[in-house]
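Chains, contacts and geometry: an overview
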Amino acid sequence: MFRTLFANDQAMTVVVSIILVYTSVNICGNLVLYFFQFDVGNEGAYSIFAAVAFAAQVLVMMIVPALRKKFTKAQLFVFGFLIQIAGFLVILAMAFGGVYTPENWYILCIPGIMIYLGYGMLNVIMTIFLSDSVDYGEVKNHTREESVIFSMQTFVVKLASGVAALAASICLNLCHLSNDTAETAAAAAASGSSLLGLRMTMAGIPIIGLMIAVLVFRKKFILTEEKVQEITEQIKAKEA
């Protein structure tokens, strides 16, 4: 599996992007409940926030085919990164600006929708890019490794989930955040350093991860619409 991946630089680029995107979003997803509990002060609002964010993700995944008629895959991919990064920046701005309260928590749905709109868009486009990298690998290496490359996607998603869970656990431990006891919750709520650590891990680290991912993509990915068409024609000619 790894031999195939290393021999296909475009598949490698997509896989690295997938790892960074999934790790970034999963870190946020693992910590957002604690964010609502300790920072926002309204743990019950978490379920509504999660439902709204998930609905945004599903919606954008449904309309990506229509968007592809007006924008290239690369444009949608970069836009997905940018809107996610903007969403995390809005959360940080709201947190340090003291904008939200337990009563007006719903304004956090705005950055939540932004983050998961971008996430849903990237989910679709990354799968398309993996498919393009299969064709690229066939032309470059003269072997078609479709099953291996797509199984790699499942592997890296699990890897990213594990890394994100580890990062979230370290954050909770260092910030002394736990929902096991009322005493711990009260101490965490009173600690500014704990809230700072929670905010920066939940939103700051994902911003860094997404920025690295988009830079890697912009520098290494070469499968433009024209290049993919050229590769498709080469494959058809070989089959003929």
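What you see is a predicted model; the values in this text were computed from it and never measured. (Residues numbered from 1 in each chain as written. Predicted model: local features only at pLDDT ≥ 70, side-chain atom pairs only at ≥ 80, totals over all residues. Heavy atoms only, no water.)

1. So, the overall build of the protein chain
Applied cut-off: Secondary structure counts use DSSP, requiring at least four H or I residues in a row for a helix and at least two E residues in a row for a strand, with both numbered from the N terminus. When a residue's accessible area, from a 1.4 Å probe over protein chains only, is under 20% of the maximum for its type it is buried; when over 50% it is exposed; and in between it is partly exposed. Contacts: residue pairs with any heavy atoms within 4.5 Å of one another. Using the Shrake-Rupley algorithm and a 1.4 Å probe, accessible areas are obtained, with residue cover drawn only from the displayed protein chains. Under the convention used here, Asp and Glu are negative, Lys and Arg are positive, and both His and the chain ends fall outside the count. To locate a charge, the coordinates of NZ of Lys, CZ of Arg, CG of Asp or CD of Glu are taken.
Along the protein chain, the regular secondary structure elements total nine helices and zero strands. The C-alpha extent of the protein chain, read off along each of the three principal axes, is 70 × 35 × 25 Å. Classification of the 240 residues of the protein chain by burial places 47% in the buried group. When contacts within the protein chain are restricted to residue pairs at least 6 apart in sequence, those whose partners lie at least 24 apart make up 82%. In the structure as shown, the protein chain presents an accessible area of about 11700 Å², 66% of it carried by carbon and sulfur atoms. Averaged over its 15 positive side-chain charges, the protein chain has a centre that lies 8 Å from the centre of its 16 negative ones.

2. Regarding the nonpolar core
In a soluble, globular protein the nonpolar side chains are often hidden away together inside. The line we're drawing: For our purposes a nonpolar core is just a set of buried Ala, Val, Leu, Ile, Met, Phe, Trp, Tyr and Cys residues, chained together by side-chain atoms within 4.5 Å.
With 74 residues, the main nonpolar core has Phe-35 and Phe-36 as its most contacted residues. When contributions to this core are tallied by element, the ones reaching two or more residues are helix H2 (9–40), helix H3 (46–67), helix H4 (73–97), helix H5 (109–141), helix H6 (146–174), helix H8 (192–220) and helix H9 (225–239). When sequence neighbours within four positions are dropped, the list of residues in contact with Phe-35 reads Val-40, Ile-91, Tyr-100, Leu-108, Leu-198 and Met-202.

3. Overview of the packing of H4 against H8
Applied cut-off: To get an axis, fit a line to the C-alpha atoms, keeping to the stretch in contact for a helix; angles then go from 0 to 180 degrees between the N-to-C directions. Under this scheme an angle from 65 to 115 degrees is roughly perpendicular, one under 35 degrees roughly parallel, and one over 145 degrees roughly antiparallel; angles in between are oblique. Helix crossings are classified by the rotation of the near helix relative to the far one: an anticlockwise turn of less than a right angle makes the crossing left-handed, while a clockwise turn makes it right-handed. Following the grouping adopted for this structure description, the nonpolar residues are Ala, Val, Leu, Ile, Met, Phe, Trp, Tyr, Cys and Pro, the charged ones are Asp, Glu, Lys and Arg, and the polar ones are all others, Gly among them.
The N-to-C vectors of H4 and H8 enclose an angle of 160°; their axes lie 10 Å apart at closest approach. With respect to each other, H4 and H8 are oriented roughly antiparallel. The crossing of H4 and H8 is left-handed. Classifying every residue of the contact of H4 with H8 by side-chain character gives 22 nonpolar, two polar and two charged.

4. Notes on the packing of H2 against H4
One way to put it is that H2 packs onto H4 with a least axis distance of 13 Å and a crossing angle of 25°. When the axes of H2 and H4 are compared, the pair comes out roughly parallel. The element H2 and its partner H4 pack so that their crossing is left-handed. Counting all contacts with H2, which are made through Ser-17, Val-21, Ser-24, Val-25, Cys-28 and Phe-35, the residues of H4 involved are Phe-77, Phe-81, Gln-84, Phe-88 and Ile-91.

5. Some details on the environment of Leu-31
As for its placement among the helices and strands, Leu-31 is situated in helix H2. Given a relative accessible area of 0%, Leu-31 falls into the buried group. A sequence separation of 167 residues divides Leu-31 from Leu-198, and the C-alpha atoms of the two residues are 7.6 Å apart. Excluding residues that lie within four positions of it along the chain, Leu-31 makes contacts with Ala-168, Cys-171, Leu-172, Leu-198, Thr-201 and Met-202.

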